[in-house]
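Listed below, chain by chain, are the residues.
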Amino acid sequence: MKIYLAGPDVFRPDARQWADDVRALCRQAGHEALVPLDGVETSAAGIFHANIALIHRADAVVANLNPFRGCEPDSGTCVEVGYALALGKPVVGYVDTLESTVERVRRRQGAVGLRDGRPIDADGMHVEDFGLPLNLMLAVPVKLVAGGLAEALAALGAAG
């Protein structure tokens with residue numbers, strides 16, 4: 001399968017080495033990695049269109065949905081996941097832990113309060129409390145696994 005690798009990993013200081021490593025891991029699992037870093041585009045619009053084209057070429061998407069710069073996954077990754085889902089492509093997401101959203105907010109922000117029996121964060125905003133590890137718009141349609149890319153590829157193989 002051709003697998004688009006979505007996630008904030010492209011921002012890592014070792015992103016080129018990461019890309020080489022994930023290509024090798026995908027090859028070992030019998031897949032071809034489609035890595036956003038492989039494009040030649042440098043403008044925002046060019047990168048967007050190149051990544052969308054890669055998602056169209058992909059048979060599936062595997063996404064790093066770990067928190068990025070806060071309590072939630074990278075917003076660009078969420079767009080890529082949503083786009084792939086709209087195309088009817090299978091999506092497997094991975095997170096370090098399948099802790100609930102309330103647990104993650106508590107761990108990252110401190111105590112979670114209650115208002116009208118519902119959890120609230122440090123800013124007084126309600127925290128989604130379905131016991132899911134991510135917002136329901138990701139946790140319901142995406143196959144989520146605890147671990148990393150290897151675990152996600154195994155789950156993709158099991159689903160396929």
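Procedures and definitions
- Residues numbered from 1 in each chain as written.
- Predicted model: local features only at pLDDT ≥ 70, side-chain atom pairs only at ≥ 80, totals over all residues.
- Heavy atoms only, no water.
- Pairing = 2+ DSSP bridges.
- Helix = DSSP H or I, 4+ residues; strand = E, 2+ residues; numbered from the N terminus.
- Axes fitted to C-alpha atoms, helices over the stretch in contact; angles between N-to-C directions.
- Contact = heavy atoms within 4.5 Å.
- Polar contact = N/O pair within 3.5 Å; in protein donor to acceptor, adjacent residues only side chain to side chain.
- Expected span 1.5 Å × (residues − 1).
- Buried < 20%, exposed > 50% of the residue type's maximum accessible area, 1.4 Å probe, protein only.
- Arc of directions from axis to C-beta.
- Salt bridge = Lys/Arg side-chain N within 4 Å of Asp/Glu carboxyl O.
- 1 Å grid on protein atoms, 1.4 Å probe; cavity = no way out; pocket = protein on both sides within 12 Å on 5 of 7 lines; lining within 4 Å.
- Points joined across faces, edges and corners; volume = space filled by probe spheres on them.
- Nonpolar A, V, L, I, M, F, W, Y, C, P; charged D, E, K, R; others polar.

Undergrad: Explain the sheet that holds strand S1 (residues 2-6) to me, using residue names and the numbers behind them.
TA: Strand order in the open sheet formed by five strands is S2-S1-S3-S4-S7, with parallel pairing between adjacent strands. Strands with a single pairing partner mark the edges of an open sheet, and in this sheet they are strand S2 (32-34) and strand S7 (143-146). Along the sheet, successive strands turn relative to each other by an average axial angle of 25°, direction set aside. The sheet contact formed by S1 and strand S3 (residues 60-64) spans four bridges and is parallel. Paired with isoleucine 3 across the two strands is alanine 60, which belongs to S3. Helix-sheet contacts for helix H3 (residues 75-86) involve S1, S3 and strand S4 (91-95), and the interaxial angle to S3 is about 160°.

Undergrad: Break down the side chain of asparagine 66 for me, with residues and values.
TA: Along the chain, asparagine 66 turns up in the loop between S3 and H3. At 2.7 Å, the side chain of asparagine 66 forms a polar contact with the backbone nitrogen of aspartate 96.

Undergrad: Could you give an account of unusual backbone geometry, naming the residues involved and the relevant values?
TA: Leaving glycine aside, a negative phi is the common case for residues, and trans is the common case for peptide bonds. One non-glycine residue with positive phi stands out, namely arginine 69, at about 55°. Relative to the helices and strands, arginine 69 is located in the loop between S3 and H3.

Undergrad: Account for helix H1 (residues 15-28), naming residues and giving values.
TA: Structural remark: α-helix, 3.6 residues per turn; residues separated by three or four positions point the same way. Between the first and last C-alpha of H1 there are 20 Å, a value that for 14 residues agrees with the 20 Å anticipated at 1.5 Å per step. Turning to H1, its buried residues are Ala15, Trp18, Ala19, Val22 and Cys26. The buried side chains of H1 occupy one side of the element, clustering within an arc of 100° when seen end-on. Facing away from the buried side of H1 by more than 90 degrees, the exposed set consists of Arg16, Arg27 and Gln28. Looking at the residues trailing H1, positive phi occurs at glycine 30, about 85°.

Undergrad: Kindly report on the pattern of salt bridges, identifying the contributing residues and their values.
TA: Taken as a whole and judged by the stated rule, the model has seven salt bridges. Aspartate 9 is the salt-bridge partner of arginine 12, the closest N and O atoms lying 3.9 Å from each other. Relative accessible area serves as the criterion here: at 34%, arginine 12 is assigned to the partly exposed category. Given a relative accessible area of 8%, aspartate 9 falls into the buried group. As a salt-bridge pair, glutamate 99 and arginine 107 come within 2.4 Å of each other at their nearest N and O atoms. Its relative accessible area of 14% is what places glutamate 99 among the buried residues.

Undergrad: Tell me about empty space enclosed by the protein, and please be specific about residues and values.
TA: The final tally for this structure, using the stated rule, is one cavity of 30 Å³ or more. Taken as a whole, the largest cavity spans an internal volume of roughly 40 Å³. Contributing to the lining of the largest cavity are Leu5, Ala6, Asp9, Trp18, Val22, Val62, Tyr94 and Leu149. Of the residues that constitute the lining of the largest cavity, the class distribution is seven nonpolar, no polar and one charged.

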